[in-house]
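Per-entry structural report
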Amino acid sequence: MNEPLDDAALLAAELLAQRWLPRRHPRVRRALVDAELWQSVQDRLGRIGLRLIDNIHADYVSVALLRDAETAVFGEAGLSANNNLDLPRDAVSLLVVLWSMIVLPKRERQAARAASAEGESQEELFRNDRPMPSAAEVSPEVSYRALLADFGAQLGRKTRLDTNLKRLEAHGFIVRRGDVIAEGPLLDLLLDYDTLALRILDGTLGDVLARTRQEKN
């Protein structure tokens, strides 16, 4: 007779089945304040080459491959590719543009509000109680029409743009509500902020985004 699964096993199983879970999920909330449970989940996932990923700037947690498992799974060619989700290059370009338009300003707003809240109260006991506003509170939304007007020519025009938006939504990077494109569960989890932000802000895309904001103001 099988023994009942403990919370670590159940949380690991749910993550594998659902791909991501909200931070407000009961077991996720407990793991965020229970270091022993968190480590137990990491240990369970680590046995199959995965790791639990969390980011206080995101509203979800998810799983990703351990670095040691990447070569065995994707091979050297896969690791050298621009992505391992089989996204075409224009879809990757679209992903970077949307990440820049959503995550960069969201992080700025979160940092500003967190600094304000921290000035009012210096007590910080738990990771999930930090004075950090949720992504849902401050994450900007992107107008599809504006995206098409500003970047359509560079991203393959309407037909190609629509196809790639569907790809990104299927992978959990974005969600769409009519004409509105919003942050998906994985947009601020699977892309490396520290590396990508510097490259964008110091590169050509940073100039393009700055000009776009100025034209809208």
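Remember, predicted model here, so these are calculated numbers, not experimental data.

1. Here's the deal with the overall build of the protein chain
Helix and strand counts for the protein chain stand at 10 helices and 6 strands. Looking at the protein chain as a whole, 39% of its 217 residues are labelled buried. For the protein chain, the proportion of contacts with a sequence separation of at least 24, taken over those separated by at least 6, is 63%. Only carbon and sulfur atoms are counted for the fraction: they give 49% of the accessible area of the protein chain, which is about 12700 Å².

2. Remarks on the pattern of salt bridges
All told, the structure shown has 13 salt bridges when counted by the stated rule. Ionic pairing is found between Arg30 and Asp34, a salt bridge with its closest N-O pair at 3.5 Å. What makes Arg30 partly exposed here is its relative accessible area of 38%. A relative accessible area of 21% means that Asp34 is categorised as partly exposed. The partner of Asp90 in a salt bridge is Arg160, with the nearest N and O atoms 2.5 Å apart. Note that Asp90 is positioned in helix H5 (residues 89–120) and Arg160 in helix H8 (residues 157–170), a separation of 70 residues in sequence. Of the residues examined, Arg160 reaches a relative accessible area of 31% and is grouped as partly exposed. One salt-bridge network, held together by shared partners, links Asp7, Glu14, Arg27, Arg30 and Asp34.

3. Overview of the confidence of the model for the protein chain
Per-residue confidence for the protein chain gives a mean pLDDT of 83; residues scoring 70 or more make up 79%. Every residue in residues 124–129 scores below 50 in pLDDT, and together they form 12 contacts with partners more than four places removed in sequence or on other chains.

4. Here's the deal with the sheet that holds strand E1 (residues 20–22)
Ordered in space as E1-E3-E2, the 3 strands form an open sheet in which the pairing is antiparallel. Each edge of the open sheet is held by one strand with a lone partner, namely E1 and strand E2 (50–53). On average, adjacent strands in this sheet sit at an angle of 20° to one another, irrespective of strand direction. The sheet contact formed by E1 and strand E3 (residues 60–65) spans 3 bridges and is antiparallel. Along E3, the bridge assignment pairs Leu21 with Val61. Lying on the sheet, helix H1 (residues 7–18) is in contact with E1, E2 and E3; it crosses E1 at an angle near 115°. The strands touched by helix H3 (residues 35–46) are E2 and E3; relative to E2, the strand with the most contacts, the crossing angle is about 145°.

5. What about the sheet that holds strand E6 (residues 180–183)?
Read across the open sheet, the 3 strands follow the order E4-E6-E5; overall the sheet is antiparallel. Each of the sheet's edge strands pairs with one partner strand only, and the pair in question is strand E4 (142–143) and strand E5 (174–177). Bridge count for E4 against E6 is 2 bridges, and the pairing is antiparallel. Following the sheet pairing, Ser143 is matched in E6 by Val180. Running over the sheet, H8 touches E5 and E6 and is turned about 120° from E5.

6. Things to note about the pairing of E2
Relative to E3, E2 runs antiparallel, the two being bridged by 4 bridges. Within E3, the residue paired with Arg51 across the bridge is Ala64. In textbook terms, the turn of a hairpin is the stretch between consecutive antiparallel strands, and for E2 and E3 this stretch comprises 6 residues.

7. So, the environment of Glu36
Mapped onto the secondary structure, Glu36 falls in helix H3. Judged by its relative accessible area of 67%, Glu36 is exposed.

8. Side note on the side chain of Glu183
Inspection of the secondary structure puts Glu183 in strand E6. With a relative accessible area of 15%, Glu183 lands in the buried category. A polar side-chain atom of Glu183 sits 3.1 Å from a polar atom in the side chain of Lys106. Polar contacts involving the side chain of Glu183 include one to the side chain of Ser139, which spans 3.0 Å. Not counting residues up to four positions away in its chain, the partners in contact with Glu183 are Ile102, Lys106, Ala135, Ser139, Phe173, Ile174, Val175 and Asp188.

Cut-offs applied
- Here the residue numbering is sequential within each chain, running from 1 through the sequence in written order.
- Where local features are concerned, this predicted model is filtered to residues with pLDDT of at least 70; where side-chain atom pairs are given and counted, the filter is 80 or more; whole-chain, interface and lining totals use all residues.
- The side-chain quantities take in all heavy atoms of the structure and omit both hydrogens and water.
- Per the convention used, a helix needs a DSSP run of H or I reaching at least four residues, while a strand needs a run of E reaching at least two, with both numbered from the N terminus.
- Buried, partly exposed and exposed residues are distinguished by accessible area as a fraction of the type maximum, computed with a 1.4 Å probe on protein chains only: under 20%, between the cut-offs, and over 50%, respectively.
- Contacts are residue-level and defined by heavy atoms, with any inter-residue pair within 4.5 Å sufficient.
- The Shrake-Rupley method, run with a 1.4 Å probe sphere, supplies the accessible areas, and residue values consider only the shown protein chains as cover.
- Here, a salt bridge means any side-chain nitrogen of Lys or Arg that lies within 4 Å of a carboxyl oxygen of Asp or Glu.
- Values of pLDDT, which run from 0 to 100, indicate the predictor's confidence residue by residue.
- Should DSSP find at least two bridges between two strands, the strands are regarded as paired.
- Only the stretch in contact is used when fitting a helix axis, every axis being a line fitted to C-alpha atoms; angles between N-to-C directions are given from 0 to 180 degrees.
- Polar contact is the term for a pair of N or O atoms within 3.5 Å; when the atoms are in protein, one must be able to donate a hydrogen and the other to accept it, and sequence-neighboring residues count only if both atoms are side-chain atoms.

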